Structures are given as structure tokens and as C-alpha cells.
Amino acid sequence: MDNYLKEFELEPKDRSIEALSRWRSAVSAWVIKNRRRRFRNVVDLVKLTLAEEKKKKIQHKLRSIRVAVHVHRAKDLLKNAISSAVEYELSEKTRESGFRIEPDDIATLVSAHDLKNFKKIGGAEGIARKLSVSVNDGVSQDSIHNRQQIYGLNHYTERPSKSFLMFVWEALHDLTLIILIVCALVSIAIGLPTEGWPKGVYDGLGIILSVFLVVTVTAISDYQQSLQFRDLDKEKKKLFVQVTRDGKRQKVSIYDLVVGDIVHLSTGDQVPADGVFVTGYSLLIDESSLSGESEPVNIDEQKPFLLAGTKVQDGQGKMIVTTVGMRTEWGKLMETLSEGGEEETPLQVKLHGVATIIGKIGLAFAVLTFIVLTIRFLVEKAVSGDFGSWSMNDAMKLLDYFAIAVTIIVVAIPEGLPLAVTLSLAFAMKKLMNDKALVRHLSACETMGSASCICTDKTGTLTTNHMVVNKIWVCEKVAEIKGSESAEKLKTEIPEEVMSILLQAIFQNTSSEVVKDETGNNTILGTPTESALLEFGLLTGGDFDAQRSTYKIIKVEPFNSVRKKMSVLVSLPNGGVRAFCKGASEIILRMCDKIIDSNGNAADLPEEQANKVNDVINDFASEALRTLCLAVKDIDATEGENSIPDHGYTLIAIVGIKDPVRPGVREAVQTCLAAGITVRMVTGDNINTARAIAKECGILIEGGVAVEGPEFRNLSPEQMRDIIPNIQVMARSLPLDKHTLVSNLRNMFGEVVAVTGDGTNDAPALHEADIGLAMGIAGTEVAKENADVIIMDDNFTTIVNVAKWGRAIYINIQKFVQFQLTVNIVALVINFVSACITGSAPLTAVQLLWVNLIMDTLGALALATEPPNDGLMERPPVGRKASFITKPMWRNIFGQSLYQLIVLALLNFDGKRLLGLTGSDATQVLNTLIFNSFVFCQVFNEINSREIEKINIFRGMFDSKIFFAVIFSTVAFQAIIVEFLGTFASTVPLNWQHWLLSVLIGAVSMPISAILKCIPVERDTTTKHHDGYEALPSGPELA
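Starting from 1, residues in each chain are numbered consecutively following that chain's sequence as written. The model is predicted, so local features are restricted to residues of pLDDT at least 70 and side-chain atom pairs to those at 80 or more, both for listing and for counting; the totals for chains, interfaces and linings are taken over all residues. To obtain the side-chain values, all non-hydrogen atoms of the structure were used and water was disregarded.

**Brief notes about the overall build of the protein chain**
Secondary structure assignment for the protein chain yields 38 helices and 26 strands. Dimensions along the principal axes, computed over C-alpha positions, put the protein chain at roughly 120 × 75 × 55 Å. Exposure categories follow from relative accessible area, calculated using a 1.4 Å probe and restricted to protein chains: below 20% of the type maximum is buried, above 50% is exposed, and the middle band is partly exposed. Counting all 1039 residues of the protein chain, 55% fall into the buried class. Restricting to contacts in the protein chain with at least 6 residues of sequence separation, those with at least 24 account for 74%. As displayed, the protein chain has an accessible area near 43,200 Å², and 57% of this comes from carbon and sulfur atoms. Averaging the locations of the 106 positively and 121 negatively charged side chains of the protein chain gives two centres separated by 3 Å. Helix and strand assignments come from DSSP, with helices taken as H or I runs of at least 4 residues and strands as E runs of at least 2, each series counted from the N terminus. Here a residue-residue contact requires only that any non-hydrogen atoms of the pair lie within 4.5 Å. The protein chains shown are the only cover counted for residues, whose accessible areas, like all others here, come from Shrake-Rupley with a 1.4 Å probe. Charge convention: Lys and Arg are scored as positive, Asp and Glu as negative, and His as well as the terminal groups of each chain are ignored. One atom stands in for each charge, and that atom is NZ of Lys, CZ of Arg, CG of Asp or CD of Glu.

And the structure:
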């Protein structure tokens, strides 16, 4: 079958519109029963194309503005010097609200980058005055409602949610159901005059009731899925920003932002609305999402305009919000993009292919069945000499034949296959959301099940990210910090001047803040590393606000994963300039030529002394402490007062920060290794720290290699090919090193790679990986946007849980396909063979509709929503190019089909004699028994399908409430159909012996399933994973 599915192969990421169009054109229109429902969960290519065109128009507009700004800048600046202040016309409502600029006027000012009028207004301060806001204190809580009334909400127009009745309407668009309804109406129209009321309406009404049941169950299932996706969509859109309101810094949802809000931006943030720059340092904005330009833009007083949807690539700053919601270009773009829908997943597309192939076979069988039944009927009439006389009964017979043929199409075309993937994904994503994993792209759920390698960060993922200063080396002494007493002791052991410079280095060179909460206590806002340093500074009696008010910051170089250091330039109260630098120990140490000695004086740092300092760093690192060096340099006039030096510093201290390993990480790593998933730690930390943590987590084991980024990036491709399989730890790595490792694992070794990331510079590696995993707590908005899954609690155990659910989705869909194909084969063959031999089909239209409901919607509910079990992580991952329908599946399908066909054929052709049935109702009893036995075969086969290769099919069955509910409701409703709805379903009540026989016929499929699983089939597995893992055994030995 794999050869026929080549048109239905789709990459998990970066699909072109051509690739998306190709598989759609391969789906034959003849085998689509309900186009609306079948293609509901795939991207709308027309709307996607329109969105791309709209995006290009916006990009062209912004590029034109950029060019105009550059051309006219000099002329505008000259005019600004002699122009008077600009005045805007105000509406009564705006004036009464206390604002001095209209929403459209300020929106145009920013979107058009109108620097001339911006200067006339008075820059950012002038904008603030017009918006009645203080740039220091922000908006007041009391004015928020008023601002929303005048300037609007920060919301984008979205597609309205579908009601339940819309799903009913979509389900009614099934062509085969429409034909059956028409047949039912014709049957009633013919039946009433020939057989009278009520007998004449039974057959037609039975079909209509069956169609109603199918439509209702289908609509309920689809509506439940839509609710789950809606909840997921809400969760995905939960973005928060830091603002100043009423003089206090706080976190708010971007949807609660109002015009006038003072927003704090830092590296990796998404600009949440249009606005203008107030203050900041080295603010570099990536506008490629809007303008298409890859070159980032420096934002300062001369280029003050910030646009919603752009990303902070570097630096930090404050902006004042000027435009929100649909008045921004980003809002207009988001409205269009929301129309396109979620892109389809590779498994969905593959199952569209399977459904197409099986549908074509089923269509051929249905046509053949109708032809055979019609020819037999005509031949019989000709033989009996009645060919010239036709009655209403003859018309009813032909109509019944047509209804049976149409119902065979209903059963034969497995419309539910691709929709079962959606059902399984919706269920899994809802569960994962509860387990702290937010899936952004559906395909990631599937791909994660095939992951063979996880490249994980250390900080926050393997460790708790709750950092505290544990040790400090200062004045050539090591002090252990265990609370305020040890901090006070440190103050007595080192000179006051050294303590003063140490506190300056901590409080001046930081991007974090110490603010007062509502109770008046200190709260630190910032990264865990900087928070640990500030906490230590406060513990030793330092005053953050006093330090910041005493010294004025001139320039800042923020920390990023490439520089691995942060530097700041401050002016001293008595004149002069001082530079502070902190960061990765080895890098800062190389920048130092002096050290503060044991007497508290600055002394030269010869190589011998530098080696001793290096030993201290290594000692700290070997205790799994994260090490940072703090350094200082006084700038003289000859060096220039606006440039931060990169040499000549004096080393103040080495800080050892403890970040404990998360509970459960070691067990999670062992689970990965048992599942054939290699875990590699990629960190920017010191190699000794990385080694210590990796050993504690169970990642670095015997035979594993730990390398440093600089060493790795200088290797040749051949050397990389040799070393990569053994790399378990990469320390002091740059984002480029992570990208190179991921790329080579995928291209050289065919690995399916999951990679974690939290920083802006991790975006390329997250995008390159098969599955990008961003951290929800420590991760920047840029990292999250480039990721497929967001790990909300930053925990490695959650990543393993995602892998387990990914495997569950894949295996659950395989179970459902095995079950559905078995029903397809039996229903098709028994009806066709019976039509050829006896001239009638044993299963009526109403019965086949019930069977279709069992195998389609109910089957998907039962099998596609089973939760994962621990056994899933005891087998190797599914290969990138592995066949979806495996040989063990074909073995089970054909084995079960053969058994069911033999039993049903015996009953159909010789049942009366075997069971001793006599009397006028013998045929009806036999047909009811065949129908009942057929349904029970499917019920027991549904249980058999819970395990494709293992004999124990009951493990965890009662843990799956949905599975148990579906089985129970199927059996209950089958009893109701047979015993009480016979007039509509063409059945008669059965005695207890016949009921027992039906159940036994179904139950025999269970020992047959066990026997089938003992039959060895050739398996397409490699004997050994390239990382050294043996392929795990399968078959009856795993029972």
C-alpha cells in the first residue's frame, strides 16, 4: 500500500502550498461522502493565499515608509526646528475624556512613521501628555475603562465559533446519507399505497431514524472536538507583558493593554501593540514578521516607532502604547491569518490516502453488488415469464438493492480515518494542556512519538531554576552563604571598600529590578540568575534604590547567549565613569589583568595567579554550581566615556550559584533511554558544571562524550560524523552550535530530533528541529513562537510525557485503522458474495448504518482516545519512513476477517439446517442472528484491537472510561435494536440460546487473536540503534 500513498506524504514542517495542493488533488471526488466534514480540519488554501497576499501588501507598505523616512529625514528635521506645534481636531467625546488626540490620528502617526509631526508634538513626552499619562507612573487603574471606550480594546477580529447546529448541518452534507434519505422518502411514497399505514412506512422510517442517529452522534463528537480546540486556542493566546500602572510594575495580559500603557520590553519579547520609544538601551527590533526585512532596526529617539507583532532581538527599553487591536497592521494581518485554519498533519494526510484507496475499492464493490442483484432479479423475472409485467413490489425491490449499494458505500468509504486523527489529537492536547504542555502545532504531537533524540537545556529544564548564591570567592577567600548570618559574617571578613564595589557591581549591572509589593516587601523582577545575585546583595544589607539613584547609567550591553556577558557604563557622583562586567567565568577572567587581593587592594593578575583563580572556578563547577565572575574598571578620559571596554578589568569576585536538579528528572531520563531516545544536554554553562549535572541526571554515562562549543564548531564534517553519536553533553555552546548539532543529527543520521530552547537566539534551532520545545516560564516570546510545543512548567519530565502521548496517538490510530479495515473487508465481502449467490444481502441498509456508526464515530472514540501506558516507553521509536499499516496489522486484519467471513458464510448459506430453524420466521431469525453475530464480532474485535502485538488485551481497559462506555453503549443499543426496534431494523427478538451463540461467535475472536499474534511476521527493524541501543523485542514474548 505504501507505493499508492506516495502522493499523500507530507513533511511535518515548512510545507509549500504546492505540497498541500498535491495531496488534495489526489483525493478522488468520487470517494468523498462529505467534503465539508472531511476537509474541515485542513488549512483553507484559498484563504491562506489571500493571507500571504495581504502580508505582502503590508510588507510593501512598510518598506515604502522606511524608504520615505530615510529620504526625507534631513529635510524634516530642518523643518521641525522652525515649525509650530501641530494641533489635531478633537471629537466632543475624546475632549470630555481628557485626551487630546483621536485614535485614528495617533494610529496614522505611528504606522506612517511620521517623525515630523512626532517631533512637533514633543516626542514621547508630548504623546504622553496628549494621552494623559505619566511616563514614570503609567496609566491609573481608574482610567482603563475610559481608554478602552475611546481607543478600543487590544483584541483582533476572529472567526466566530460554530454552534452545535452548524455541526449537525455539516454532518447532513454527507452525500450517501442524502441519497439514503431520498431512498427512504421514495420507499414511504411507494409503501403507503401498496402496504398501507403503518406497515408501508417502516422501512423508510427506519432508514431516516438511522440517519438521524448517525448525524446526531457525529455532530456531538465533532462539537466536543471543537470545544477542546477552542480551549487550546485560548491557552495559546495567553501572552503577558510587564507594564507600569499607578507607579508599580506589574504583569498583565496583552489583551488588557490600553493606549497610554508604559510597557517594559526586553530581549525575546513580542511588541504587544503599536507605540513609541520612551527610554532604553541597545534596543534592536526584528520587523521581518511585518516588513519582510531581515535586517533588524535600532530603536532610539531618532527611530522611535514600534509596531505590534515585531520582536525584540536585543536590548531593553520602555514604550508608550499608542494603538491597539484592529487599528494596528498586525491586527489586520492576524484577522486574515485566523481564517486559514490549522495546517493538516502528516498522519491525517496519510489516512486521507488510505481512505481514498479503500473508498475506491468499496465503490467498485457497491456498484458490482447493485449490478449483480439487479441482473439476478431481471434473470429471475425473465425465467418466470414475468418480464413484461412490473408491479410496485418490483420497484421496491430495486429501490432496496440501490439502498443496500449506497449503504455499502457508507460502510466502505472510511471517512472516519482522517477524522479519527483529529479526535485523537484533540483528546491528547487537552490532556497535555492539563499536564503543563501546550501544543501549538498539531503535527508536533505525532512527530514527538517518533522522536529518537532530545537535545535539552540544563537550566530550568533539568534543574529547578530556583537559584541562590551558595558560595562566593572574594579577596582570595571562599565563603559559603547559608542565610543572613553567613552574609553578615562575610561583611566582617572583607574590607568595606570591597563590599561597596561588590554591591555596586551587583545592583548597577543588572536588567532586573527590586520593587515593593502591596505589603511593602521587596520583590525581585528578573531572570533567576540575576534574582539570585540581587537577593544576595539585599541579604548583605545593600539598598537597590539608593544605589540606582546615586549612579547614572550611561550605556548597557545586555546579556545574550552569544556574548555570555553583560556590561554597563555608569557615571560616578564625584565625576568619572566606571564600567562593570559580569558573565561566564572564563570569558570575564580573560578580560581581567588585575585582581582584588586578600588585603582588599587591586593587584596584578599574573598567569600563575590566573591559574589559581581558574582552579576556584573548576572547584565550584565540580560541585554543580553555576559560576559567574564580577569585574570592574574605572574609565579615564583617553578611553572615551561612551564605549564599554573589553579588557583591563579588575576581578572582584567569583559567585557560585546553586540550581538543584528537579525531582524525577533522573527517572525521566532512564525512561527515555529505555524507549530508545537519546538525551543530550546542550548548555552555555562551564563544562565541569555541565558534567556534574549530567552525571546526576543520568545523561552522561560510561562511553559518553562531553565537549565544549568552541571545540565542536571547529571539527570537520568527518570528525563530526565520528563524534556526534557519542556526544552526551555540550557545554559553553552558542545557539549556532545547537543548530549545527540538530541539523547534523537529522541529516547525517536520520534522527527525529526534539530540541528545547528559551532564548531569542534558540529560534533557528527550534525551527530546524523536528519538534521545537520552548520553555513556558523562562522562554522568550520569540522562542515560543518558533516552537511546536510550549512546556509550561519548564520540566524535563513534561517533555517525556509529550513523547509518551505522541506514541499513544500513533498507536491508537493504528488500532483504529486495524479495527476499521477488518469491518470494511467483512461487510464488503459478505454482502457481495451473498448478493452473487442468493440474490439478497444479509445486512439491510438500517443495519449497515448502525455498523457504520460502530466502526466509524464510536470506534474512533473507543480506540483513538485511549490514554498512554508505560509499555509505550519500552519500545523503540517509529522510524521516519516506517510503514503506517505494519505487517502485524495486516496479519491481524486478514486473520480476523477470515474467521468472521467463514462463520457468517456458514450461517448465511447453511444456517437454517445447522441451527434447526423452521417455520415462517426462520429466515428473519437467521438474518437477525447473522446481524447480531456480526455486531458482536466487531465488539470483541474492538477489544482485540487494543493491542496489535501483545496477547494481554485487557491491561488498562477499565482505566479508559471512554472505551468502556462505548463498548457498554454499543451492546446495550444492539439489544434494544434486536428486541424492540425490529419493525424499523428488520430484526426479530432472539431467544437466550441465540443470544448466547451470538456472543460466543464474537468471543471466539479473542483466542483467535492470541493465536494470530504468535504467528511470526517479518519485521522491518534495524538490529541496532546508532547510539548503541538494541532493538527491543516484540510479539507474544511481550504479553
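So much for the structure itself; the text now carries on.
**Notes on the pattern of salt bridges**
Just to be clear on terms, a salt bridge is a Lys or Arg side-chain nitrogen sitting within 4 Å of an Asp or Glu carboxyl oxygen. The tally for this structure, following the rule as stated, stands at 28 salt bridges. With a closest N to O distance of 3.0 Å, E623 and K471 form a salt bridge. Separated by 152 residues along the polypeptide, E623 in the loop between helix 23 (607–622) and strand 19 (625–635) and K471 in strand 10 (residues 468–474) bring together distant segments of the chain. With its nearest N and O atoms 3.3 Å apart, the salt bridge here joins E768 to R746. Placement of the pair is E768 in helix 29 (residues 763–768) and R746 in helix 28 (residues 735–749), with a sequence separation of 22 residues. R746 sits in the partly exposed class, given a relative accessible area of 21%. Residues joined in a network through salt bridges with shared partners are D457, K738 and D762.

**Here we look at the packing of aromatic side chains**
Only the six-membered ring of Trp is used, alongside the rings of Phe and Tyr, when aromatic pairs are assigned; centres must lie within 6.5 Å, and planes under 30 degrees apart are stacked while those over 60 apart are edge-to-face, with the rest tilted. For the coordinates displayed, the defined rule picks out 12 aromatic pairs. Relative to W995, the ring of F936 lies with its centre 6.1 Å away and its plane at 85°, an arrangement referred to as edge-to-face. A residue pair is termed long-range when its members are at least 10 positions apart, and F936 in helix 34 (residues 922–944) and W995 in helix 37 (residues 992–1003) qualify at 59 residues. The exposure class assigned to F936 is buried, which follows from its relative accessible area of 6%. Since its relative accessible area comes to 17%, W995 is described here as buried. These aromatic residues form a ring-pair network of at least three members: F164, F167 and Y223. Criterion for a charge above a ring: Arg CZ or Lys NZ at most 6 Å from the ring centre, at most 35 degrees from the ring normal. Just above the ring of F167 sits the side chain of K162; from NZ or CZ to the centre is 5.8 Å. When the ring centre of F963 is taken as origin, the NZ or CZ atom of R946, which lies over that ring, is 5.5 Å away.

**Side note on the packing of helix 15 (residues 392–412) against helix 31 (residues 796–838)**
The interhelical angle for the contact between helix 15 and helix 31, taken along N-to-C directions, is 160°, at an axis separation of 9 Å. Comparing their axes, helix 31 and helix 15 come out roughly antiparallel. Our pair here, helix 15 against helix 31, has a crossing hand that is left-handed. Of the residues in helix 31, those in contact with I408, V411 and A412 of helix 15 are N824, A827, L828 and N831. Under the scheme applied here, ten amino acids are nonpolar (Ala, Val, Leu, Ile, Met, Phe, Trp, Tyr, Cys and Pro), four are charged (Asp, Glu, Lys and Arg), and all others, including Gly, are polar. Within the contact of helix 15 with helix 31, the residues separate by chemical class into five nonpolar, two polar and no charged. Simply put, an axis is a line fit to the C-alpha atoms, just over the touching stretch for a helix, and the angle between two N-to-C directions goes from 0 to 180 degrees. Each angle is binned into one of four classes, with values under 35 degrees roughly parallel, values over 145 roughly antiparallel, values of 65 to 115 roughly perpendicular, and all other values oblique. Each crossing gets its hand from how the near helix is turned against the far one by less than a right angle, where anticlockwise is left-handed and clockwise is right-handed.

**Some words on the pairing of strand 17 (residues 592–596)**
Pairing of strand 17 with strand 20 (residues 649–658), which is carried by three bridges, proceeds in the parallel orientation. Considered in strand 20, the bridge of C592 is made with Y649. For two strands to count as paired, DSSP must find a minimum of two bridges between them. Bridge count between strand 17 and strand 18 (residues 602–604): three bridges; the pairing is antiparallel. Its bridge partner lying in strand 18, I595 is registered against A603. Between strand 17 and strand 18, which follow one another and run antiparallel, lie five residues, and G600 among them has a positive phi close to 85°.

**Remarks on the side chain of S512**
Examined against the element boundaries, S512 turns out to sit in the loop between helix 19 (496–508) and strand 12 (513–516). We call two N or O atoms a polar contact when they sit within 3.5 Å, provided that within protein one can donate a hydrogen and the other can accept it, with sequence-adjacent residues counted only if both atoms are side-chain atoms. Among the polar contacts listed, one links the side chain of S512 to the side chain of E530, at a separation of 3.1 Å. Contacts of S512, omitting those with residues within four sequence positions, involve L525, G526, T527, E530, L534, F544 and R548.

**Describing helix 1 (residues 17–26)**
Burial in helix 1 covers these residues: A19, L20, W23 and R24. Each buried residue of helix 1 sits inside an arc of 135° when the element is viewed along its axis, so together they form one side. Counted as exposed and oriented over 90 degrees from the buried face of helix 1: E18 and S25. Think of the arc as the fan of directions from the helix axis to the C-beta atoms.

**Side note on the side chain of N744**
With respect to the helices and strands, the residue N744 is situated in helix 28. Assessed through its relative accessible area of 14%, N744 is described here as buried. Not counting the four nearest positions on each side in its chain, N744 is found in contact with M720, I724 and F749.

**Topic: unusual backbone geometry**
Its identity as a non-glycine residue notwithstanding, D246 has a phi of 55°, on the positive side. Residue position: D246 is located in the loop between strand 1 (240–245) and strand 2 (248–253). Phi at K436 takes a positive value of approximately 75°, unusual for a residue other than glycine.

**Concerning the environment of E446**
Looking at where E446 falls in the secondary structure, it is placed in helix 17 (residues 442–448). Sequence separation between E446 and S291 is 155 residues, and the spatial gap between their C-alpha atoms is 33 Å. In this view, E446 contacts T345, P346, L347, Q348, V421, L425, G806 and I809; residues no more than four positions away in its chain are not counted. There is a polar contact of 3.0 Å between the side chain of E446 and the backbone nitrogen of L347.

**Quick word on the sheet that holds strand 25 (residues 771–775)**
Strand order in this open sheet of eight strands is 8-26-25-24-9-21-23-22, and the pairing throughout is mixed. Because the sheet does not close on itself, it has two edges, and the strands there are strand 8 (437–439) and strand 22 (705–708). Averaged over all pairs of adjacent strands, the angle between strand axes in this sheet comes to 20°, irrespective of strand direction.

**Points about the nonpolar core**
Only buried residues count toward a nonpolar core, which is a set of Ala, Val, Leu, Ile, Met, Phe, Trp, Tyr and Cys residues joined through side-chain atoms within 4.5 Å. Within the largest apolar cluster, 149 residues are counted, with the highest numbers of intra-cluster contacts made by L180, L351, M448, I771, F796, I813 and V817. Per-element accounting of this core gives the leading share, 20 residues, to helix 31. If we ignore the near neighbours within four places in the chain, the residues touching L180 are I207, V211, A403, V406, T407, V410 and L849. Listed in part, the 54 residues of the second largest apolar core include V252, L257, V276 and I285.

**Observations regarding helix 38 (residues 1005–1013)**
When helix 38 is considered as a whole, its buried residues turn out to be S1005, M1006, S1009, L1012 and K1013. Along helix 38, the residues classed as buried sweep out an arc of 115° about the axis, all on the same side. Considering only its buried residues, helix 38 is in contact with helix 33 (887–915), helix 34 and helix 37.

**Here's the deal with the environment of L849**
With respect to the element layout, L849 can be found in helix 32 (residues 845–863). Taking the relative accessible area as the measure of exposure, L849 reaches 0% and is therefore buried. Between the alpha carbons of L849 and S210 there is a distance of 6.4 Å; along the sequence they are 639 residues apart. In contact with L849, other than residues within four places in its own chain, are L177, L180, I207, S210, V211, V214, T407 and V410.

**Details of the environment of R875**
By the element assignment, R875 lies in the loop between helix 32 and helix 33. Note on R875: relative accessible area 28%, which makes it partly exposed. When the C-alpha positions of R875 and I404 are compared, they lie 44 Å apart, and in sequence the two are 471 residues distant.

**Focus on a nonpolar patch on the surface**
Each patch is built from residues that are more than 30% exposed by relative accessible area and take part in no salt bridge. Like charges join if they lie within 9 Å; nonpolar side chains (Val, Leu, Ile, Met, Phe, Trp, Tyr) join within 5 Å. On the surface, V367, I371, I375, V379 and V383 cluster together to form a nonpolar patch covering roughly 440 Å² of accessible area. Here V383 is to be found in helix 14 (residues 346–383). Overall, the relative accessible area of 70% leaves V383 in the exposed class.

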